[in-house]
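# Coordinate inspection notes
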Amino acid sequence: MTSLAIYPGAKPVLGRVTLADAARLVLLAAVIFLTLYPLLMVALASFNTSAIGTKAVYGLAPWRTVLGDPATWSIFWNTFVIAVPRTLLAIFLAASFAWLLARTNVPCRGAIIAALTFLFFLPDLPWIIAWMMMGAARVGLLNKWLSVLLGMRVDLINVFSMTGLIVLGAARAVPVLFLFLYPAFMAMDGSLEEAARVGGANRWKTFWRINFPLVRPALFAVLILAFVRSMESFELEQLIGVQAGIYVVTTRIYDLGFSTAEAKFGPAMATSLLLVAATLLLVLLQFRVVGKKTYETVSGRGFKAQRLDLGGWRWAAFAYVMAFLVIMGVLPFVVLLLNSFMPVYGYFTLNLLTTRHWARVLADPAVMLSIKNTLLMSVAAAFAAVTLCGAIAYVIARTRWPLRRPLEMAAWVPWAVPGLVMSLGYLWAYVSLPIYGTVWLLIMVFVARGLPIATQQLSTTFVQIGAELEESARVHGASWLQTVPRVWLPLLRPAFFSAWILIFVLSVRSLDSVLVLATADTRMLSVDIFAAANGGQMEMSVVLALIQTLVIIGGCVVARLLMGRLSLERASSAGAV
Amino acid sequence: MRQAIMKRLPILAFILALSASPSFAQDAHGRFEKAKADFAKVIDAAKKEGELVVSAFSANTVAPEKLALFSKTYGIRASTVVLTGAQSLARIAAETSSGGLSMDVRMSAFGSEAYYLRVKGLSESFGDLPNALDPSIKWVKPFHPLMGVREGSNSIIYRATGWGFLVNTDLIPKDQAPKSWKDLADSKYRGKMIFTDPAFESVGCLVFYMVGHKYGKNWELDLLRNIANVTRVPYQPDRQVARGEFAISAPTTSASMAALYEIPEPRPFMLVAPSDGVINAPSAATMLRGPHPNAAKVWANFLLSQEAQQAEADVPGGGPLRHDVKLAAPELALHMNNPSFGDAPPSEQFIKDQDCANTTPRLMQEAGVSWTK
C-alpha cells in the first residue's frame, strides 16, 4: 500500500516528483546529513596516514595495518563471543519481562514497570563502578554478604571475568530493550490469544503460534539493537574487561587511536568501519527476516488487550522479575546512594556519614548550569528526534518508496559506530557550522544518536497497525494532515511516549559522543561525572550521577504529567480503536 | 641513547650553575624587571578580553577554587572544558583549521601532549612571565616553571606530583612491604600487584622506561611476572588495594591518596615513597592560539603566583612548586620531601625510545606472562 499516494499532496510538482516524494527526499537528506556525513568523515580519516594536526596524506596503510594484523580478527572474535550470549540473555530477560508485564496478570505491574524504567535512568559509569565494588572477587560486598549469610567464606562472584562482562552487559541492556518491546507486546490483539485458546491451543502453543510471530519485527529489531550495542559497548569493557584481561573491538579502537596524545586515528577509524559493515549486514538480515510478511494486529475492527491469568504462577513470575530488579537495580543504587554520604567512596562506616560532597556539588554554580543545559538540550532533542523518527518510521513502514531501505540503513549508522569514534565524525563534519559550540549542535548530535532506537521503536509499531484505518479516514474525506492527529497519533501514543523517554534519557546520559563537542557554556552533567571520575573524585562523581538520575526522573515525570493520559499502562486500555 | 639521557645533568643544576655567574644573574634580573613592567599591559588587555577557556584532562587538573580565585583577582570569567589527550588534540586541530579555536590553554601532564602541540604548530610561547622569571621565588627541586621551555616546549610547569606505590598492610605486613622500585620485582610479591597498564601511554609505561633503565631488563621481566592485573581506570587501583582486592598498586600518586586519607587511622594501607626515589611528574600549561591570548598569559602567570600555589597546597595531595606555601597534607607531598628517582626523559626522546604499545607486549612475551584471556 503506497499510503501517501492516495493523498492530494501526491500530485506531481516537478515532472514525476510528487510533493510527498519531495518531502521524503528532504527527510533522506536530513538523515544523511546527521548520519552519513559524519560517517564519511570517519571513512576519510581511516585513509589518513598522517597524524592529526599535520597535513593529511591519504593511503591504504591504516587499512593494511588493521586487516593484516591477526590481533584484529582475534579481537573481533572475542567481541563476538561476548556479544552473542550477552544479546541472547538480554533479549530473553527483556522479552520475558515485557510479556509478563504486558500480557499477564503478574502483581504490581505498575511498580515493576516504573522500577525497570528507573534502572534505565541510572548512568553507566557509577553503575559499573558500584559493581566493581560489589562484585570483586574475595573482598567484594556480595561475596562478603554471602559469607555472612552462609556462615562460611564464599568467593563465588567475580565481575572481573568473561561471565561478569556478559551478565553485566546483558543486565545493562535489559531496561532499554524492555522499553522497546513493551509497547509491541501491549499492541497485540488479545482476541487472537483468546481465539487460539478456544481453538484448543495451550499457553505454550499460543505463545509460539500467536504471540511470538506478532512481535517478531520488534524482537528482530531488538536483537540487532542489542547485538550492535554489545559490539560497540566501551565503558564496561574498559573498566572491567581490561582488568580481567579481556580486550574487545572498542578497547582495541581506543588503544589504536585514543591511548596516545599523538592522535593518529587511521587504524582506529578503519576498525570502527568494520563494525559498521557488520552492523549493516545484520540490518540487511533483518530486512530479509521481517521482509514482506504482515504483522498488523491493530486493525479497523478493534482489538482487546486481554491479560493471561497465570494463577499461582503469577507470584513466581513476580519473584523472577523482582530478583533481577533487586540485584541489578536496587543494590547498585543503594551502594551509590550510601557512598554519596561517605567521606570515601567504598568505605561504609555509619559514624562517618557526611553531606559535604552534596554541599560542595550543590554550591557549585557550574553544576547548576550543567543541570539546566542537560534538561533543556535533552528535552529539545527528544521532541526533535521523535518528530523526525516518526516521519522516518512512517516512510519505512507505510510506504513503498524505493529509497526507504537506504533511509532505514542510514538511520542505523549512529549506533553502528562507537560513540568515541562517531564523536570525531561529528567534530570534523560540523566544526565549520555556525552552530558549532552552541547547544544546537549537541541537540543535533543527540537526535542523530537517537535515530536508530526511536526509528525502530516507531516503525515496529507502525507495521502493527492495519492500513485500512488510514484508508478509511481517506475514504471519509480526511486529508493526510487530518489523519495524522486523528488516526495515527492516538494509536502511536504509547510508542511515541516510549521513544520520547528513550531519547530523553539517552541524551541526558550521553557522554562519549558529546565529550569532544562540549564547551564551557554547553557543559552537561554527564561530562561533569566523567571529569570528576577521571580526576579520582569518585565521591563527587557519585553525587553528580545521583543528581543526573533525579534530573531524568524529574524530566520523565513532568513529561508524563504533561502528556496526561499517555502513560504506558493506560495506553493499553485506550488501545481499542 | 637511553644511557645518555639518564645521565644528563638535572636541569636545575644547569640553571644554578649558570645563575652563579654575575652577568647571568644581572641579565636574569633585568629580564624579570622588564617582564614585570610589561605585564601590566598584558593584564589590561586580558581584562578587555574578559574571558578564558582552559582545556583540562580532568576535573581536578584545574580546581574550581583556583578558577574562582583567578576570576576574582582579575575580573576575567574563567571556565574549563574537559578532554582527554587525543580528543583534545583532535579538537584543537579541527577548530584551528576552521579558524575558530575555542580554547586558550591546555592543561596536561608534561610530556607528549605538550610536545605534539608544539611540533604541530598548535601552541605558542607565553612569552616572559614575571613569576616564572622572579629570582626571589624558591622552586621545589628539581622543578622550575621554565624547564619545559628550555626543552623547546611552549609549556610552563606549574605543579608536580611524585609517584610511589601503595601497600595494603593487612595483606603484606609493614615490615615485609616493598621499600623501593627495585623491591617491587622481588618474587615474593608475585601475583599481588595491580599496575597501571604499561602497554598504554601512561605513567605505568614511564615507570618501566625510567626504572627499567636503571635496574635492567631482568628487573622489567621480574616486575611483569609479579603483576596480577593491569588497569586503565585512574585512581581506582588504589581504592582496590585499600579495600584489600590487591596487596600493592603501582604507580600511585599523592593526588590519588588524598581521598583515601579521609579514612581515619589506623588505615589498612600505607603510601610508600620509594627509597630509590619518587618518580616526579610535572604538570604543564600550554598556550594555544586561542581567542584570548592575553588572558592565557595572565592565567599562566597566575598559576605560578603565591596565591595560586597556596590554593594548590590547600588541596590534600596537591602539588605546589613553591616553597612559600603551607601544605594541607605534608605527608602526601611526595615530590617535595623525597629524593627524585631521576629526571624524566625529554618528551621527544621518550616518544622516540618508548613505544609502549609495542615494547611492553614484547617484554611480556619474553617474560612468559599474559594478562589477556
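Residues numbered from 1 in each chain as written. Chains lettered and ligands numbered in written order. Predicted model: local features only at pLDDT ≥ 70, side-chain atom pairs only at ≥ 80, totals over all residues. Heavy atoms only, no water.

### Observations regarding the state of the cysteines
Residues and elements named next belong to chain A.
- Across all of its chains, the model carries zero disulfides over all chains by this definition.
- Unpaired in this structure, Cys556 has its nearest cysteine sulfur neighbour in Cys389, at a distance of 17 Å.
- Accessibility expressed as a relative area gives 8% for Cys556, which makes it buried. (Disulfide = S-S within 2.5 Å. Buried < 20%, exposed > 50% of the residue type's maximum accessible area, 1.4 Å probe, protein only.)

### A closer look at the packing of aromatic side chains
- All chains considered together, the criterion is met by 30 aromatic pairs over all chains.
- Residues Phe33(A) and Tyr430(A) carry aromatic rings whose centres are separated by 5.3 Å and whose planes lie at 50 degrees to one another, so their mutual orientation is tilted. Linking Phe33(A) in helix α1 (residues 19-45) with Tyr430(A) in helix α18 (residues 419-430), this pair joins segments that are 397 residues apart in sequence.
- With centroids separated by 5.6 Å and ring planes inclined at 75 degrees, the aromatic side chains of Phe195(B) and Phe208(B) adopt a geometry described as edge-to-face. You can see Phe195(B) sitting in strand β6 (residues 193-196) and its partner Phe208(B) sitting in helix α9 (residues 203-215), a full 13 residues away along the chain. (Phe/Tyr/Trp six-rings, centres within 6.5 Å; stacked < 30°, edge-to-face > 60°. Helix = DSSP H or I, 4+ residues; strand = E, 2+ residues; numbered from the N terminus.)

### Brief notes about helix α17 (residues 356-367) of chain B
Residue and element names in this part refer to chain B.
- For α17, spanning 12 residues, the distance from its first C-alpha to its last is 16 Å, which sits close to the expected 16 Å at 1.5 Å a residue.
- For α17, every residue scored as buried is listed here: Cys356, Thr359, Thr360, Leu363, Met364 and Ala367. What you see down the axis of α17 is that its buried residues fit within an arc of 130 degrees, all on one side. Of the exposed residues in α17, the ones pointing more than 90 degrees away from its buried face are Arg362 and Gln365.
- Those residues of α17 that are buried lie in contact with α9 and α10 (217-226). (Expected span 1.5 Å × (residues − 1). Arc of directions from axis to C-beta. Contact = heavy atoms within 4.5 Å.)

### Considerations on the confidence of the model for chain B
Residue and element names in this part refer to chain B.
- Averaged over all residues, the pLDDT of chain B equals 85, while 89% of them reach at least 70.
- Within the model, the stretch residues 1-20 combines pLDDT values under 50 with 32 contacts to residues more than four positions away or in other chains.
- Scoring of the predicted complex yields 0.82 for pTM and 0.81 for ipTM. (pLDDT = per-residue confidence, 0-100.)

### Digging into unusual backbone geometry
- Cis rather than trans, the peptide bond between Lys141(B) and Pro142(B) has omega equal to 5 degrees.
- A cis geometry characterises the amide bond from Ala250(B) onward to Pro251(B), with omega recorded as -15 degrees.
- For Pro251(B), the position within the fold is in strand β8 (residues 248-253).
- Of note in this structure, Cys108(A) is not a glycine but carries a positive phi near 55 degrees.

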